[in-house]
Amino acid sequence: MSRVLLVEDDPDLVALVKHWLERDGHQVEHVADGAAALEALRWAPLPHLVLLDVMLPKMDGFEVLRRLRAEPRTKGLPVVMVTSFSRDRDAAHGRELGANDYVVKPLMELDFLKRIEHLIKDQ
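What comes next concerns the included structure. (Residues numbered from 1 in each chain as written. Predicted model: local features only at pLDDT ≥ 70, side-chain atom pairs only at ≥ 80, totals over all residues. Heavy atoms only, no water.)

With respect to the overall build of the protein chain
Tallying secondary structure elements over the protein chain gives five helices and five strands in all. What you see in the protein chain, going N to C, is helices and strands ordered as β-α-β-α-β-α-β-α-β-α. Against the compact-globule benchmark of 14 Å for 123 residues, the protein chain has a radius of gyration of 13 Å, which places it among compact chains. With respect to the three principal axes, the spread of C-alpha positions in the protein chain is 35 × 35 × 30 Å. (Helix = DSSP H or I, 4+ residues; strand = E, 2+ residues; numbered from the N terminus. Rg over C-alpha atoms; globule rule 2.2 N^0.38 Å.)

Below, the structure is given as structure tokens:
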């Protein structure tokens, strides 16, 4: 069973994504802000994948990603940015920082799950 860390502050989206992923056989851990994400990844066993919202309280997803890529422990951890921004420059910025994928809300269930599975299998 793969473990996914979901970093998202929208409770409705958290419930939906957790439902999809758990039904698909994944274990989901959730935190609601960027600082909590970094703390969770500092001590706990690393998840197989991080789903990281861009707009978060305390620290945005771009800064979280930048810090993850700067640490040897989390440098190679697969990260999917999840955002309501569809601008190309935001996706490019996420990829420049090392995001493995960039998904725009609203999420489409089958496409979303396929992308997650692809990244988890590549580990």
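Observations concerning the packing of helix α2 (residues 34-43) against helix α3 (residues 61-70)
For the pair α2 and α3, the least separation of the axes is 9 Å and the interaxial angle reads 20 degrees. In terms of their interaxial angle, α2 and α3 are classed as roughly parallel. Regarding α2 and α3, the two cross each other, and that crossing is right-handed. Seen from α2, the contacting residues are Gly 34, Ala 37, Leu 38 and Leu 41; seen from α3, they are Val 64, Arg 67 and Leu 68. Taken together, the residues of the contact of α2 with α3 sort by class into five nonpolar, one polar and one charged. (Axes fitted to C-alpha atoms, helices over the stretch in contact; angles between N-to-C directions. Parallel < 35°, antiparallel > 145°, perpendicular 65-115°, else oblique. Left-handed = near helix turned anticlockwise from the far one by under 90°. Contact = heavy atoms within 4.5 Å. Nonpolar A, V, L, I, M, F, W, Y, C, P; charged D, E, K, R; others polar.)

Thoughts on the sheet that holds strand β4 (residues 79-83)
Pairing is parallel across the open sheet formed by five strands, whose spatial order is β2-β1-β3-β4-β5. A strand with exactly one partner marks an edge of an open sheet, and here the two such strands are β2 (27-31) and β5 (101-104). Put simply, the sheet's adjacent strands are angled 20 degrees from each other on average, direction ignored. (Pairing = 2+ DSSP bridges.)

A word on the packing of helix α1 (residues 11-23) against helix α5 (residues 109-121)
Axis separation between α1 and α5 bottoms out at 11 Å; the angle between their running directions is 60 degrees. One finds that α1 runs oblique with respect to α5. Both α1 and α5 take part in a crossing whose hand is right-handed. Where α1 approaches α5, its residues Val 17, Trp 20, Leu 21 and Arg 23 are matched on the opposing element by Glu 109, Phe 112, Leu 113 and Ile 116. When grouped by side-chain class, the residues that make up the contact of α1 with α5 number six nonpolar, no polar and two charged.

Re the packing of aromatic side chains
A complete count under the given rule lists one aromatic pair for this structure. Centre to centre, the rings of Trp 20 and Phe 112 are 5.8 Å apart; their planes meet at 50 degrees, and the pair counts as tilted. Of this pair, Trp 20 sits in helix α1 while Phe 112 sits in helix α5; the two residues are 92 residues apart in sequence, bridging distant segments of the chain. Pair check on accessibility: Trp 20 and Phe 112 agree, each one buried. (Phe/Tyr/Trp six-rings, centres within 6.5 Å; stacked < 30°, edge-to-face > 60°. Buried < 20%, exposed > 50% of the residue type's maximum accessible area, 1.4 Å probe, protein only.)

Concerning unusual backbone geometry
Along the chain, Lys 105 connects to Pro 106 via a cis peptide bond; the corresponding omega equals 0 degrees. Summarising the element assignment, Pro 106 is placed in the loop between β5 and α5. Phi angles above zero are rare outside glycine, and Lys 58 is one such case at about 70 degrees. With respect to the element layout, Lys 58 can be found in the loop between β3 (49-53) and α3. Look at Lys 58 and you get exposed, because its relative accessible area is 71%.

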